[in-house]
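# Survey of secondary and tertiary structure
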Amino acid sequence: MFDATPAAHRHDAPFERYLAQLRSEGRYRVFADLERDAAAFPRARWRRTPEDTGVEVTVWCSNDYLGQGRHPDVIAAMQAVAGAGGVGAGGTRNISGTSTWHVRLEQTLAAWHAKPAALLFNSGYIANSASLAALGRLLPGLVILSDEKNHASMIDGIRQSGAAKVIFRHNDPADLAAHLAQIEPGRPLLVAFESLYSMDGDIAPLAAMLDVADQYGAMTYLDEVHAVGLYGPRGAGIAERDGLGNRVTIIEGTLGKAVGCHGGYIAGSRAIVDAIRSAAGGFIFTTSVAPPVAAAAVRSIELLMAGQDLRRAHAGQVATLKAALTAAGLPVMASESHIVPLMVGDAARCKAISDRLLTDHQIYVQPINYPTVPRGTERLRLTPTPFHSDALIGDLVRALTTVWAAVP
Ligand SMILES: *Cc1c(COP(=O)(O)O)cnc(C)c1O
């Protein structure tokens, strides 16, 4: 039993005030308890409390974009390695925590991105924060040029890096060039950006960005988290799709989204990857990824590299959903990618629509609120997979039409 006396709560007041503020703004976060059903993806059982028997819902906002997390071969790879070797890694990479699966996964990742080397981290967030922080320490005088819409993990790493930071306008090579022109010559430069921005679904003008970086001799750091698995002939991302991978200095990705597992990584030259391996605290001082997870990721990537069928089916359902939402007159935002945002523009209404979809229609779409997106641009972010059938798309659009009219 926990201690409920006043003494145990004597430090609570500022925290209670903060939480009350979040609630009053309609952006207090409530997590949906979901038990995914591997045999019926994208269906899941949603429970209000652990004792609840729950109801079946359709998940419309997962980043397991291709359902790889429930692929029978990926599950089998994980089960086999857990059964044979156990679950946890048992140590940091340096102290007994490197398994043959970590080594194989890093080889697979390097081959996927056609880079000499890759380095595995415990998440994409840590890959970004630890790598960028290390680059700042490895390169005295470094200036990092950062797209204004970069993910929190990159912003965190840049802050930790101690490097000078310059923010350029989103996906704007001319603005990047203008900033680069102002920096005194001779300083090391790094341009950090994403290939695919996950809240708007827009894609960077990669060739133009690389041209500008090359012109100033800047290194490039490309977050491909929302593109790996999904774009390019072998699913290696936008750089592969555009035939530009060899011009990107460091590619960063995740194993938690389209790969359907868990972990993050960078890929690049041997020297850069080896230096980050040796300098990044977020890589060194933490228990390594569980070997069954690494084995599952290897299998998933092999499947993603082997054929285009899943990517074609995915693109087909994305197009079907966008067309159906447009036909229904719903405020679907223009997006060049598989991410389909619906603009709401108000935190409380966004949450109310999401709640109504879940309770009345068994459809789960999490509201996206500040600080993930700017205030006034709150939205629902739909992520159809190849397993969201035309029938499920029809259910969704009917439910959205009803709820949109009913929620003021
Ligand atoms: C999700 C995300 C990450 C972090 O990846 P995780 O593996 O989930 O930690 C990094 N960058 C971007 C752009 C993301 O959206």
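Structure report, in brief. These numbers were taken from a predicted model, which means no experiment stands behind them.

Moving on, we come to the pairing of strand β9 (residues 250-254). For β9, the buried fraction is high: five of the five residues fall into the buried class. Here β9 shows a buried face lined by Ile250, Glu252 and Thr254 and a second buried face lined by Ile251 and Gly253. In the sheet, strand β8 (residues 219-223) pairs with β9 via three bridges, with the strands oriented parallel. Note on β9: the bridge partner recorded for Leu222 is Ile251.

Per the stated rule, a full pass over the model turns up two aromatic pairs. When the centroid spacing of 5.6 Å and the interplanar angle of 90 degrees are considered together, the rings of Phe41 and Phe387 count as edge-to-face. In this pair, Phe41 sits in the loop between β1 (33-36) and β2 (43-47) while Phe387 sits in the loop between β14 (379-382) and α14 (390-406), placing the two residues 346 residues apart along the sequence. The class for Phe387 is partly exposed, based on a relative accessible area of 29%. When the ring of Phe121 is compared with that of Phe283, the centres are 5.7 Å apart and the planes differ by 70 degrees; the resulting orientation is edge-to-face. One end of the pair, Phe121, is in strand β4 (residues 117-121); the other, Phe283, is in helix α10 (residues 281-284), and 162 residues separate them in sequence. Looking at Arg104, its charged tip hangs above the ring of Trp101, at a distance of 4.5 Å from the centre.

A few words on the packing of helix α6 (residues 173-181) against helix α7 (residues 206-215). Where α6 contacts α7, the axes come no closer than 9 Å and their chain directions differ by 10 degrees. Classified by the angle between their axes, α6 and α7 sit roughly parallel to one another. Of the residues in α7, those in contact with Pro173, Leu176, Ala177 and Leu180 of α6 are Ala208, Met209 and Val212. Residues belonging to the contact of α6 with α7 are distributed by class as follows: seven nonpolar, no polar and no charged.

Calculation criteria
- Residues numbered from 1 in each chain as written.
- Predicted model: local features only at pLDDT ≥ 70, side-chain atom pairs only at ≥ 80, totals over all residues.
- Heavy atoms only, no water.
- Buried < 20%, exposed > 50% of the residue type's maximum accessible area, 1.4 Å probe, protein only.
- Helix = DSSP H or I, 4+ residues; strand = E, 2+ residues; numbered from the N terminus.
- Pairing = 2+ DSSP bridges.
- Phe/Tyr/Trp six-rings, centres within 6.5 Å; stacked < 30°, edge-to-face > 60°.
- Lys NZ or Arg CZ within 6 Å of the ring centre and 35° of its normal.
- Axes fitted to C-alpha atoms, helices over the stretch in contact; angles between N-to-C directions.
- Parallel < 35°, antiparallel > 145°, perpendicular 65-115°, else oblique.
- Contact = heavy atoms within 4.5 Å.
- Nonpolar A, V, L, I, M, F, W, Y, C, P; charged D, E, K, R; others polar.

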